[in-house]
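# Structural overview for review
The primary structure of each chain is shown beneath.
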Amino acid sequence: MRTRPSRLFRLFALVSAFAALAACGGGAETAQNPVTSAPSQPSSYTGPVPATADIQAFKINVWDNIKADNRCGSCHGAAGQLPNFARMDDVNLAYSQALTVANLPSPADSRIVTKVVGGHNCWLADNASCGAILTRWISDWSSVTQSGAGRTIQLTAPPIKDPGSSKSFPANPPPEFTAVHNLLVTNCAGCHSSQSATQQQPFFGSSNINEAYAAALTKMNLDSVAQSRFVVRLRSEFHNCWGDCAANANTMQAAIQTLSSAILPTQVDPSLFLSKALTLYDGTVASGGNRYDTNVVALYEFKTGTGNIAYDTSGVEPALNLTLSGADWSWVGGWGIQVVNGKAQGSTAASRKLHDLITATGEYSIEGWVVPANVTQEDAHIIGYSGGTNVRNFTLGQTMYNYDAFGRSSGTNANGSPALSTADADEDLQASLQHVVVTFNPVTGRRIYVNGEFTGDSEGSGGTLGDWDDTFAFVLGNEVSSNRQWQGTLRLVAIHNRALTPTQIQQNFEAGVGQKYFLLFSVSHLVNVPQSYIVFEVSQYDSHAYLFNSPSFISLSPTATPGNIPIRGMRIGMNGAEPVTGQAYRNLDTTITDSLYTAAAGQSLSTVGTILALEKGPQFDEFFLCFDQLGANSRVCSSDPTAIQPAVANVPRPSTIGVRTFEEMQATLAAITGISPNVTSVKNTYLNVKQQMPTSENFQGFLASHQVALAQLSIAYCSALVEDATRRNQFWGFDVTTADLANAGGRNQVINPLLDRTLGLQQLDSDPVRADVATELNSLITTKLCSSACDAARTRTVIKAVCAAAVGNSVTLVQ
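Taken as a whole and judged by the stated rule, the model has 27 aromatic pairs. Seen from their ring centres, Phe-177 and Tyr-213 are 5.1 Å apart, and the 70 degrees between their planes marks the pair as edge-to-face. Of this pair, Phe-177 sits in helix 7 (residues 177-188) while Tyr-213 is found in helix 8 (residues 209-216), placing the two residues 36 residues apart along the sequence. Of the aromatic side chains, those joined through ring pairs into one cluster are Tyr-300, Phe-302, Tyr-364, Tyr-385, Phe-394, Phe-440, Trp-468, Phe-472 and Phe-474. The cationic tip of Lys-303 hangs over the ring face of Trp-335; the distance from NZ or CZ to the ring centre is 4.6 Å. Positioned above the aromatic ring of Phe-454, the side-chain terminus of Arg-447 is 3.8 Å from the ring centre.

Here it is as structure tokens:
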């Protein structure tokens, strides 16, 4: 169905025309954070020299870091408790004791690591960060004698437990949720509602109970109510209490307990052929497997999840820990931080290690796993080592679709300019999870890599780093002066004091990022193969879902062979039931055979992945596998477990009509008129009006200022078009400034090419009717702008106005 020209179109035309006539008529200082001191070191070692290369590697990488009294030396010294691996009198004896608590093939499983992670004498506020640092030190020791350059992962047998009964949320909000909902609407709707002026997701404070229920599911724990996120946020983190925090937490806990008591546990049919059960944390950590970290000097994996400190787990002293500050930042499930308004910054004293270690080699690499929030932000700084907006050692930034690399050297100025940027046409930066690396060495200078591939952007020659400043601070998500805000999520940041090679960059890209585990579902009780497992790579995809990927069959017995095992119809169970969605392996039909199986890698069953909605959180969600057939066992499993339909919020669908954003309008006008956006008059107008043009395609956000800005930009393009004799002749096919506007034929010569370019020859049903638009533009010429014969100057003005009205209306704005 065709539509008639709307009042909106007429308004656009008048705004553009009258605007055309009017047009023709006329650094803060660097913030200082508390200094993070290095460990207090005892006197230099004077005992027997290391007897072997392995003992020397232990001394340099582990012993030198743990011997201090504020680490392990005060207890595990020569006269202290066993094992005395921190003794100062003889490093050879310390080495023999360290072997009893270190697992060199799998450093993360070392006894010394698990003790510290469990809370034993961690020197930081976060036990996991101490464990990560110890793991790195032991890995560095191990790599020297085992010729390893990166982390390796060794699969370990998980605990064996049967799938248990579990409470699961019903698909629709039960009556008992009402009390929880009332508390959320009353006390949380100011932020956590889609109707709020300061809205923050998730929208569990929405007045729409279905929307609120869907958003609240992951914040409530039916099996351990006191550990519900809603309760913890009030009781322990004092977030948005509406009175006494302890009393408010008790009120919330009682409401969730009422809900929990009304939900019966889901029982798993014991006659089904099921694997053993696992939670995410029962798996083998797979994150960063085989990463190349030999020359890393600062590393942030954002595993802590609470507090305001992002710990440097590189193991290189002093630790360059970062303080998170600002109005709007948060930890992200699956390891990461999200920055909307804020930053993470280290002290200048701790940041100096970057200066010292990088200038010593003359090389560096900036590596990050990042998720830009959008492709509209400009002059936004993601990772930097700087002193303000005008001076820096290095910075990785964003300008719309481009990554920008600033780097001070003998070939640049104090601000690291000129910047090296990815090409505009390539649009390398996207609002999705990306691996980005900037390398620098004295020969080739800076180079940029995205998702493991060289972008082709390099400066061609380098220089020296002798002019680097050691008083700057390291910062993420902003400038140290807090006026170059970047919005997005950081999943990993690493600084290396060497330029990574393309092979090493590809290796780190393939290693991936985030909270990933290998889940080994035991099936030994179903097949006649010892220590046999179905292995999934599983990650907490974000704060709301899990990603299951690439299942395989493997036995941890090096001599085992599978023989011939058919496997068909595999499902993933969760919390005692089979989720309706996410069953990507229900059509699996293959056979595990000796010819395809290898002891090192097992046998791949599928290369696809699937998403399952998070229910209770990674600590409590319990997974298991169900099989229609596995070996000699055969029974269709999906006919028995109760399928739980995920809750879907009953909210209005967003409009299918949107508006073009500012960069889309710029590109559209350039395409219609054939005028380059780099023409000075056009570029200056664009820079002036860009901020009052739409930044979102949401039609409900349309403002009158958007149309005024589009009118001004349209006038700039049309003015440049009419004043360029070559371009106007190409556009209209003749010198349009000679057109006889007093006659209908002359007016049509002006109007028809404009309609061809804006409406096209094949119109959409939602477009204004061509004839009606022509009538409006005719009226604009004859009654609004040119009541009598026009002179040459007036003719040019009229043509510019009609052009602006044609190209700067709803056809350009609405999509």
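Taken as a whole, the largest cavity holds about 90 Å³ of empty space. Lining the largest cavity, in full, are Asp-126, Ala-128, Ser-129, Ala-132, Glu-301, Phe-302, Lys-303, Thr-304, Ala-310, Tyr-311 and Thr-313. The residue makeup of the lining of the largest cavity, split by class, is five nonpolar, three polar and three charged.

For the rest of this paragraph, the subject is the nonpolar core. Counting residues in each nonpolar core, the largest one holds 47 residues, and the members touching the most others are Met-693, Tyr-717, Trp-732, Val-750, Leu-754, Leu-755 and Leu-777. The set of elements that each furnish at least two residues to this core consists of helix 13 (662-673), helix 14 (680-689), helix 15 (704-723), helix 16 (725-732), helix 17 (744-758), helix 18 (770-785), helix 19 (792-807) and helix 20 (810-813). No other element matches helix 15, which puts ten residues into this core. With residues near it in sequence (within four places) discarded, Met-693 still touches Phe-662, Met-665, His-706, Ala-709 and Leu-713.

Right, let's get into the confidence of the model for the chain. For the chain, the mean per-residue pLDDT works out to 84, and 89% of the residues sit at or above 70. For residues 639-649, every residue scores under 50 in pLDDT, and the model assigns this stretch 25 contacts once sequence neighbours within four places are set aside.

Moving on: the state of the cysteines. Under the defined criterion, the tally for this structure stands at three disulfides. The residue that forms a disulfide with Cys-122 is Cys-130, at a sulfur-sulfur distance of 2.1 Å. Residues Cys-122 and Cys-130 share a disulfide whose torsion about the S-S bond is about 75 degrees; that sign makes it right-handed. Here Cys-122 falls in the buried class, since its relative accessible area comes to 17%. Paired through a disulfide, Cys-241 and Cys-245 show a sulfur-sulfur distance of 2.0 Å. What sets the handedness of the Cys-241 and Cys-245 disulfide is the S-S torsion sign, and at about 110 degrees it is right-handed. A relative accessible area of 22% places Cys-241 in the partly exposed class. Free of any disulfide, Cys-75 has its nearest neighbouring cysteine sulfur in Cys-72, separated by 8.5 Å.

What counts, and where the lines are drawn
- Residues numbered from 1 in each chain as written.
- Predicted model: local features only at pLDDT ≥ 70, side-chain atom pairs only at ≥ 80, totals over all residues.
- Heavy atoms only, no water.
- Phe/Tyr/Trp six-rings, centres within 6.5 Å; stacked < 30°, edge-to-face > 60°.
- Helix = DSSP H or I, 4+ residues; strand = E, 2+ residues; numbered from the N terminus.
- Lys NZ or Arg CZ within 6 Å of the ring centre and 35° of its normal.
- 1 Å grid on protein atoms, 1.4 Å probe; cavity = no way out; pocket = protein on both sides within 12 Å on 5 of 7 lines; lining within 4 Å.
- Points joined across faces, edges and corners; volume = space filled by probe spheres on them.
- Nonpolar A, V, L, I, M, F, W, Y, C, P; charged D, E, K, R; others polar.
- Core = buried A, V, L, I, M, F, W, Y, C linked by side-chain atoms within 4.5 Å.
- Buried < 20%, exposed > 50% of the residue type's maximum accessible area, 1.4 Å probe, protein only.
- Contact = heavy atoms within 4.5 Å.
- pLDDT = per-residue confidence, 0-100.
- Disulfide = S-S within 2.5 Å.

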